[in-house]
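# Secondary and tertiary structure notes
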Amino acid sequence: MNREYHKWYSPSLQRNMELLVFGHRGRAVLFFPTRMARFYDYENWRIIDALKDRIENGELQLFCVDSVDVESFYNQYVHPSERINRHLQYEQYILHEVIPLMHSKNNGNHLEVAGCSMGAYHAINLALKYPYLFYKVIGMSGRYDLSQNIQYFKDLFDGYHNENIYFNTPVQFIANMHDEHILNNIRKMEIIMAIGQTDSFLSGNQEFSRVLWTKGIPHHLYVWDKDAHRPRYWRRMVQLYL
């Protein structure tokens, strides 16, 4: 299996960033890590190995990026407005540094985006904001409203809310979206969400699904047995949905 390590100084983030590429061609997938996780965790958890045959056969090419969650959403030492601003800098890194790399490594015209846990939020949020970039998005065990208190998962903005938070909360901005051009682009995407039946985020996924149907956005919501918020479940999910 082709495996490439990349590292460069990101102008968007003003720090070094790392990522791994698996595969030599095929459907290019931007793969976001879990909460505060690293670019190598999917490899360590054998999630990449679960896709080994498809990667080696040239069906898939995965781009496993790093996160800055500890500097953004989970940075309790700065004001919530700074947390979301750091996330927006990360978004610029993805849009203007990682995606051009993906295009340079893969001559396909369209991209996919996926993630597990917090990575599912990143994937869904990015795809719905920039639907013209992607033709498929997969969110596994995701949380799509970071401003809610859900059981022992706290509101990551401590009750603070501004326009940047609103436009990075898919449940909120999709519910109020009326731009048919953007909605039509979203409707063209294949949208898949998977969640465990006892996962803390199940009700949020169901509410988000309801919002998507209200806007006429086709999608699939798969509910798995038990919590399903573990690498052993994600290894099976990626085989089904990627």
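Here is a short report on the structure shown in this document. Small disclaimer: the values here were computed from a predicted structure and weren't measured.

Thresholds, definitions, all that
- Residues numbered from 1 in each chain as written.
- Predicted model: local features only at pLDDT ≥ 70, side-chain atom pairs only at ≥ 80, totals over all residues.
- Heavy atoms only, no water.
- Helix = DSSP H or I, 4+ residues; strand = E, 2+ residues; numbered from the N terminus.
- Rg over C-alpha atoms; globule rule 2.2 N^0.38 Å.
- Buried < 20%, exposed > 50% of the residue type's maximum accessible area, 1.4 Å probe, protein only.
- Areas by Shrake-Rupley, 256 points an atom, 1.4 Å probe, with all protein chains shown as cover.
- Lys, Arg positive; Asp, Glu negative; His and termini not counted.
- Charge placed at Lys NZ, Arg CZ, Asp CG, Glu CD.
- Contact = heavy atoms within 4.5 Å.

With that out of the way, let us pick up the overall build of the protein chain. Looking only at helices and strands, the protein chain features nine helices and eight strands. Since a compact globule built from 242 residues should have a radius of gyration of about 18 Å, the 17 Å found for the protein chain is in line with a globular shape. By principal-axis analysis of the C-alpha atoms, the protein chain measures approximately 45 × 40 × 35 Å. Looking at the 242 residues of the protein chain, the share that counts as buried comes to 57%. Here the protein chain displays about 10,700 Å² of accessible surface, and carbon together with sulfur accounts for 47% of that area. Between the centroid of the 26 positive side chains of the protein chain and the centroid of its 26 negative side chains there is a distance of 4 Å.

We now examine the environment of Glu 190. Within the fold, Glu 190 resides in strand S7 (residues 190-196). Between the alpha carbons of Glu 190 and Val 137 there is a distance of 6.3 Å; along the sequence they are 53 residues apart. Residue contacts for Glu 190: discarding those within four places in its chain leaves Tyr 135, Lys 136 and Val 137.

Tracing the backbone shows Lys 129 in helix H4 (residues 118-129). Exposure remark for Lys 129: the relative accessible area of 22% places this residue in the partly exposed category. Distance from Lys 129 to Ile 186, taken between C-alpha atoms, is 8.8 Å for residues 57 residues apart in sequence. If near-sequence neighbours (up to four positions away) are discounted, Lys 129 is found in contact with Leu 88, Glu 91, Phe 167, Asn 168 and Phe 173.

Once that is clear, we can look at unusual backbone geometry. Its identity as a non-glycine residue notwithstanding, Arg 46 has a phi of 65 degrees, on the positive side. Even without being a glycine, Lys 226 presents a positive backbone phi close to 60 degrees. Considering the arrangement of structural elements, one finds Lys 226 in the loop between strand S8 (220-224) and helix H9 (231-241). Judged by its relative accessible area of 56%, Lys 226 falls in the exposed class.

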